[in-house]
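Structural features, examined
Letter by letter, the chains look like this.
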Amino acid sequence: MKLENSQFFDKFVRNIKGQKSFTLTGLTSFSRLLLVKYISSISGKKVLFVTSTEQSGLKYQVDLERLFGYEADFLPYQNTSPYETVIGNLYDYRKQIAALRKASDIVIAPIKALTEKFPSDKFFKEHSLYLKIGDNISQGKLLEYLISLGYKRSTMVSDMGEFSIRGDISDIYPLDKSPVRIEFWGDEIVDIRYFDNETQKSIEKIKEIEINPLYKFIL
């Protein structure tokens, strides 16, 4: 008998639509993927799929796309204690923020990731720096903003969290896929583009950029 015609499936759909809690046991890996797919399609809401380890979560992410064509975001965890002075991996933090702020239907997270605290979307909207072509901002003011958001100045941008100001050019490596180069004419922004931090060559021109705080708090 097909799953869609079974009494189990009817009850399953009623529980999902009625937002009721329920438990299923004895599921295989494929059954779990099928269950997540159905929940996502039936509920129309964002689904959080919690796994025991990071490795199993990454495997489920690959299988969801390969078997069902579902693109799921993965929420990694920072393998550092909040009581240690070691700064967490900014690249992992970027992936975390991207997964939490994107509108993907499914987010996969290892159980350890749920023990971390994250800023709300309101925090990013209030404390991020938004720049677009045509804006007017002095480079002195830009420097103050970036330092307040946790960025450090360097002679050449090579890693996430760094920025440099050279004449009419400001390079910033925010929590983004690539560093961004902003060109000024006086105090006016006339050009914004992503560039390769190794070759220093431009990759893509953009009209605006959102520069997020590097950490989960603002002093």
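Refer to the preceding data block for the structure.
Here the structure is a predicted model, which is why all the values come from computation and not from measurement. (Residues numbered from 1 in each chain as written. Predicted model: local features only at pLDDT ≥ 70, side-chain atom pairs only at ≥ 80, totals over all residues. Heavy atoms only, no water.)

Some points on the overall build of the protein
Just so we agree on the cut-off: Put simply, DSSP H or I for four residues or longer makes a helix, DSSP E for two residues or longer makes a strand, and each gets a number counted from the N terminus. It is over C-alpha atoms that the radius of gyration is taken, and the globule rule equals 2.2 Å times the number of residues to the power 0.38. Summary of the burial criterion: residues with accessible area below 20% of their type's maximum are buried, those above 50% are exposed, and those between are partly exposed, where the area comes from a 1.4 Å probe applied to protein chains only. Residues are treated as being in contact if the distance between any of their heavy atoms lies within 4.5 Å. In this description, accessible areas are obtained by the Shrake-Rupley approach with a 1.4 Å probe, and a residue is regarded as covered only by the protein chains that are shown. Charged-residue counts in this description rest on Lys and Arg as positive and Asp and Glu as negative, His and the chain ends being excluded. By convention, the charge on Lys lies at NZ, on Arg at CZ, on Asp at CG and on Glu at CD.
Secondary structure assignment for the protein yields six helices and eleven strands. Since a compact globule built from 219 residues should have a radius of gyration of about 17 Å, the 22 Å found for the protein marks it as more spread out than a globular shape. Principal axes of the C-alpha set define a box for the protein whose edges measure 70 × 40 × 30 Å. A total of 219 residues make up the protein; the buried ones form 39% of that total. Put simply, 55% of the contacts in the protein that link residues at least 6 apart link residues at least 24 apart. Counting only carbon and sulfur atoms, one obtains 52% of the accessible surface of the protein, whose full area is about 13,400 Å². Positive and negative side-chain charges of the protein, numbering 31 and 29 respectively, have mean locations separated by a distance of 8 Å.

Some points on helix 6 (residues 139–148)
Spelled out, the test is: In this description, the arc belongs to the directions extending from the helix axis to the C-beta atoms.
Along helix 6, the residues classified as buried are Q139, L142 and L146. Looking down the long axis of helix 6, one finds its buried residues gathered within 50° of arc, a one-sided arrangement. Packed against the buried residues of helix 6 are strand 4 (129–132), strand 6 (162–166), strand 7 (169–172), strand 8 (180–185) and strand 11 (208–211). In the segment just after helix 6, G150 is the residue with positive phi, at about 100°.

As for the side chain of S40
Position of S40 among the secondary structure elements: in helix 2 (residues 29–43). Residue classification places S40 among the buried positions, given a relative accessible area of 7%.

Quick notes on the packing of aromatic side chains
Our working rule: Each aromatic pair joins two rings of Phe, Tyr and Trp (for Trp, the six-membered one) with centres within 6.5 Å, and gets the label stacked for planes under 30 degrees apart, edge-to-face for over 60, and tilted for any other angle. Comment: the charge-over-ring label is applied if NZ (Lys) or CZ (Arg) is within 6 Å of the ring centre and within 35 degrees of the ring normal.
Going through the model one piece at a time under the given rule, you end up with three aromatic pairs. Taking the centre distance of 5.4 Å and the plane angle of 80° together, the rings of F123 and F124 count as edge-to-face. If you follow K141 out to its NZ or CZ, it ends over the ring of Y145, 6.0 Å from the centre. Directly above the ring of F118 sits K216, whose terminal nitrogen or CZ lies 4.7 Å from the centroid.

Some points on the sheet that holds strand 10 (residues 202–206)
What counts here: Strand pairing is assigned whenever DSSP identifies at least 2 bridges connecting the two strands. Axis lines are fitted to C-alpha atoms, over the contacting stretch for helices. Their N-to-C directions set the angle, which ranges from 0 to 180 degrees.
Ordered by their spatial adjacency, six strands build an open sheet running 5-6-7-8-9-10, and the pairing between neighbours is mixed. Bordering the open sheet on either side are strand 5 (152–153) and strand 10, each of which pairs with just one other strand. In this fold helix 6 packs onto strand 5, strand 6, strand 7 and strand 8, with an angle of close to 170° to the strand it touches most, strand 6.

Description of the nonpolar core
Spelled out, the test is: Note on terminology: a nonpolar core comprises buried Ala, Val, Leu, Ile, Met, Phe, Trp, Tyr and Cys residues joined through side-chain atoms within 4.5 Å.
Judged by nonpolar contacts, the single largest core of 29 residues is most densely connected at L131, L146, Y151, I172, I209 and I211. Grouped together as the second largest cluster of nonpolar side chains are eleven residues, L33, A72, F74 and I108 included.

A look at helix 2
Spelled out, the test is: To estimate the expected span of a helix, subtract one from its residue number and multiply by 1.5 Å.
Compared with the 21 Å implied by 1.5 Å per residue over 15 residues, the 21 Å span of helix 2 between its first and last C-alpha is a close match. Positive phi shows up at G44, right after helix 2, with a value of about 70°.

Regarding the sheet that holds strand 2 (residues 73–74)
Taken in spatial order, the three strands line up as 1-3-2 in an open sheet, and their pairing is parallel. Two strands in the sheet have a free side with no partner beyond their single neighbour: strand 1 (47–51) and strand 2. When strand 1 meets strand 3 (residues 106–110), the two strands line up parallel, connected through five bridges. Across the sheet, V47 pairs through a bridge with I106, a residue of strand 3.

With respect to the pairing of strand 7
Alternating positions in strand 7 separate into two faces, I169 and D171 on one and S170 and I172 on the other, with burial throughout. Here strand 6 runs beside strand 7; their pairing, made up of four bridges, is antiparallel. Looking at strand 7, one finds that I165 is bridged to S170. The antiparallel pairing of strand 6 with strand 7 creates a hairpin that spans two residues between the two strands, and G167 there sits at a positive phi of about 60°. The pairing of strand 7 with strand 8 spans four bridges and is classified as antiparallel. Its bridge partner being in strand 8, I172 is matched across the sheet by V180.

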